[in-house]
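Each chain, written out:
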Amino acid sequence: YIVPEEEKFTLLSRLLDMMVPDLAMVFGRTKRRVDELTRALQKLGYRAEGLHGDLSQYQRDNVMNKFRANQINVLVATDVAARGLDVDSLTHVIHYSLPDDPEVFVHRSGRTGRAGKDGISMALIKPDETRKLKQIKSQTKIEIVEKQIPKGDIIIKAQVAGVFDKLLTKHEDYFDFDN
């Protein structure tokens, strides 16, 4: 998604509302950005926590345990979390800030779609970062498709569809009319 800096957070919250991820990682470039995003997401009611190098090992372990136990479903992190993290049920990776190194983009994106499961990786790109994105595409050979920013009606339709999907999969016995 190509989006001006001042509209990035709105787009992030729209995407989270629309996709309703089971577990999502949002990557920011700096510790400060991670803290700002975490606070802003929490203020809107998202179950989010931050992970970066200023946290003690105990704090990092605590955040990761909450994430794995689905007590939080949005982990906002710096690249300290791009390598070595293994969360099998991570469904979405969102690059809030593009990394400078194309390989870091690959490692971030590789956090999702593990253990034979599908995953989605998205990038929120400022208009002046399109050259950096082309460099990432050419160096990594990753297919990256530009998407349009979703409007409100699309988000609502996706949320309603998601509610029905969860109802049908988690409570399918309620819909067994053969008895």
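Heads up: these notes are all about the structure in this document. What you are looking at is a predicted structure, and each value in this text was computed from that prediction instead of being measured. (Residues numbered from 1 in each chain as written. Predicted model: local features only at pLDDT ≥ 70, side-chain atom pairs only at ≥ 80, totals over all residues. Heavy atoms only, no water.)

Topic: the overall build of the protein
Reasoning step 1: Across its full length, the protein carries six helices and five strands.
Reasoning step 2: Along its sequence from the N terminus, the protein presents helices and strands in the succession α-β-α-β-α-β-β-α-β-α-α.
Reasoning step 3: The burial tally for the protein puts 38% of its 179 residues in the buried class.
Reasoning step 4: Of the contacts made within the protein by residues no fewer than 6 positions apart, 73% connect residues no fewer than 24 positions apart. (Helix = DSSP H or I, 4+ residues; strand = E, 2+ residues; numbered from the N terminus. Buried < 20%, exposed > 50% of the residue type's maximum accessible area, 1.4 Å probe, protein only. Contact = heavy atoms within 4.5 Å.)

Side note on the pattern of salt bridges
Reasoning step 1: The tally for this structure, following the rule as stated, stands at nine salt bridges.
Reasoning step 2: Its salt-bridge partner being Arg33, residue Glu36 comes within 3.9 Å of it at the nearest N-O pair. With Glu36 and Arg33 both in helix α2 (residues 31-43) and three residues apart, this pair spans about one turn of that helix.
Reasoning step 3: Exposure remark for Arg33: the relative accessible area of 25% places this residue in the partly exposed category. (Salt bridge = Lys/Arg side-chain N within 4 Å of Asp/Glu carboxyl O.)

Side note on the packing of aromatic side chains
Given two aromatic rings, one states the distance between the centres and the angle between the planes to describe the pair.
Reasoning step 1: For the structure on display, the rule yields zero aromatic pairs.
Reasoning step 2: Lys8 extends its terminal NZ or CZ atom over the ring of Tyr96, reaching a point 5.2 Å from the ring centre. (Phe/Tyr/Trp six-rings, centres within 6.5 Å; stacked < 30°, edge-to-face > 60°. Lys NZ or Arg CZ within 6 Å of the ring centre and 35° of its normal.)

With respect to unusual backbone geometry
Reasoning step 1: Of note, the phi angle at Val20 is positive, near 40°, even though the residue is not glycine.
Reasoning step 2: Positive phi values are uncommon outside glycine, yet Asn70 reaches one of about 65°.
Reasoning step 3: You can call Asn70 partly exposed: its relative accessible area is 40%.

Here's the deal with the side chain of Ser97
Reasoning step 1: Assignment of secondary structure puts Ser97 in the loop between β4 (92-95) and α4 (102-109).
Reasoning step 2: Classification of Ser97 by relative accessible area gives buried; the value is 10%.
Reasoning step 3: Every residue in contact with Ser97, bar those within four places of it in the chain, is listed here: Lys8, Phe27, Gly28, Arg29, Arg33 and Arg108.

Focus: helix α1 (residues 8-19)
Reasoning step 1: Between its first and last C-alpha atoms α1 spans 16 Å; for twelve residues at 1.5 Å apiece the expected length is 16 Å, and the two agree.
Reasoning step 2: Turning to α1, its buried residues number three or more, namely Lys8, Leu11, Leu12, Ser13, Leu15, Leu16 and Met18.
Reasoning step 3: Two residues or fewer after α1 comes Val20, characterised by a positive phi angle close to 40°. (Expected span 1.5 Å × (residues − 1).)

Quick notes on the packing of α4 against helix α5 (residues 130-140)
Reasoning step 1: Contact geometry of α4 with α5 gives a least axis separation of 9 Å together with a crossing angle of 75°. Relative to α5, α4 is oriented roughly perpendicular. From α4, Pro102, Glu103, Phe105 and Val106 reach across to α5, where they touch Gln135, Ile136, Gln139 and Thr140.
Reasoning step 2: Per-class residue counts for the contact of α4 with α5 are four nonpolar, three polar and one charged. (Axes fitted to C-alpha atoms, helices over the stretch in contact; angles between N-to-C directions. Parallel < 35°, antiparallel > 145°, perpendicular 65-115°, else oblique. Nonpolar A, V, L, I, M, F, W, Y, C, P; charged D, E, K, R; others polar.)

Regarding the environment of Leu12
Reasoning step 1: Of note, Leu12 is situated in helix α1.
Reasoning step 2: For the pair Leu12 and Tyr96, spaced 84 residues apart in sequence, the C-alpha to C-alpha distance is 7.8 Å.
Reasoning step 3: Beyond its immediate sequence surroundings of up to four residues, Leu12 is in contact with Val26, Leu37, Leu41, Ile94, Tyr96 and Leu124.

Some details on the sheet that holds strand β5 (residues 120-123)
Within a sheet, adjacent strands bond to each other through the backbone by hydrogen bonds, running parallel or antiparallel.
Reasoning step 1: A sheet is described by the order of its strands in space; here five strands give the open sequence β2-β3-β1-β4-β5, paired in parallel fashion. Every other strand in the sheet has two partners, leaving β2 (48-51) and β5 as the edge strands with one partner each. Averaged over neighbouring strand pairs, the angle between their axes works out to 20° when direction is ignored.
Reasoning step 2: Here four bridges tie strand β1 (residues 24-27) to strand β3 (residues 74-77), and the two strands are oriented parallel to one another. The residue of β3 that forms the bridge with Ala24 is Val74. (Pairing = 2+ DSSP bridges.)

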